[in-house]
Amino acid sequence: VQLVESGGGLVQTGGSLKLSCAASSSISRYNMGWFRQAPGKERVFVSVISWGGGRNANYADSVRGRFTISRDNTKNIVSLQMNNLRPDDTAVYYCARGRIPFGVVRPASEDYGYWGQGTQVTVSS
């Protein structure tokens, strides 16, 4: 499967962006996650949504209440709505697909077997 992120860009503090991740094949059986990597830092978990969708989603403490993950299995798209952005949200954001179908929702990068190329998000102060 190929994952292609889009929607990144430059935004001022307090602004919003919506990231999208388009998959080349069905994602309906897989958890889908978003991770990010800031310059000079390791890639970290941002959010995950269960294969079942709905309200079964987890967020990193740093983004909870500001970011919302969603999925459209009919279009094989996962989105990340990011509101009230801060400079420390600046990073390359990666979409990822779960390694196995119907997996348990966890924020662990090792649970994901396919990754997109990333999209840059820059928040200016």
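What this report covers is the structure whose coordinates are included nearby. In this text the structure is predicted, and so the values were computed from the model without any measurement. (Residues numbered from 1 in each chain as written. Predicted model: local features only at pLDDT ≥ 70, side-chain atom pairs only at ≥ 80, totals over all residues. Heavy atoms only, no water.)

**Thoughts on the packing of aromatic side chains**
Working definition: an aromatic ring pair is given by the centre-to-centre distance plus the angle between the planes.
Piece 1. According to the stated counting rule, one finds five aromatic pairs in the structure shown.
Piece 2. For the ring pair phenylalanine 35 and tyrosine 112, a centre distance of 5.3 Å and an interplane angle of 75 degrees mean the geometry is edge-to-face. Of this pair, phenylalanine 35 sits in strand β4 (residues 32-37) while tyrosine 112 sits in strand β10 (residues 112-115), placing them 77 residues apart in sequence. The pair phenylalanine 35 / tyrosine 112 is uniform in exposure class, with both members buried.
Piece 3. Considering the side-chain rings of tyrosine 112 and tryptophan 115, the 6.2 Å spacing of their centres and the 65 degrees angle between planes classify their relative orientation as edge-to-face.
Piece 4. Overall, tyrosine 112 belongs to the buried group, its relative accessible area being 3%.
Piece 5. On the basis of relative accessibility, which here comes to 25%, the residue tryptophan 115 falls in the partly exposed class.
Piece 6. Cluster of aromatic residues (ring-pair linked, three or more members): Phe35, Phe45, Tyr112 and Trp115.
Piece 7. The positively charged end of arginine 43 is found above the aromatic ring belonging to tyrosine 94, 5.4 Å away from the centroid.
Piece 8. For arginine 97, the ring lying beneath its charged end belongs to tyrosine 30, and the centroid distance is 3.5 Å. (Phe/Tyr/Trp six-rings, centres within 6.5 Å; stacked < 30°, edge-to-face > 60°. Helix = DSSP H or I, 4+ residues; strand = E, 2+ residues; numbered from the N terminus. Buried < 20%, exposed > 50% of the residue type's maximum accessible area, 1.4 Å probe, protein only. Lys NZ or Arg CZ within 6 Å of the ring centre and 35° of its normal.)

**Side note on the side chain of threonine 119**
Piece 1. As for its position among the elements, threonine 119 is in strand β11 (residues 119-124).
Piece 2. Side-chain polar atoms of threonine 119 contact the backbone nitrogen of glycine 8, separated by 3.2 Å.
Piece 3. Apart from the residues lying within four places of it in its own chain, the contact partners of threonine 119 are Glu5, Ser6, Gly7, Gly8, Leu19, Ala91, Val92 and Tyr93. (Polar contact = N/O pair within 3.5 Å; in protein donor to acceptor, adjacent residues only side chain to side chain. Contact = heavy atoms within 4.5 Å.)

**Points about the pairing of strand β7 (residues 67-72)**
Piece 1. A one-sided burial pattern is seen for β7, the buried positions being Phe67, Ile69 and Arg71 and the unburied ones Thr68, Ser70 and Asp72.
Piece 2. By the bridge criterion, six bridges tie β7 to strand β8 (residues 77-82) in an arrangement that is antiparallel. Residue isoleucine 69 lies in a different strand from β8, and its bridge partner there is leucine 80.
Piece 3. Hairpin connection between β7 and β8: a loop of four residues separates the two successive antiparallel strands, and asparagine 76 in this loop has a positive phi of roughly 55 degrees. (Pairing = 2+ DSSP bridges.)

Everything listed is a geometric property; what it means functionally is a separate question.
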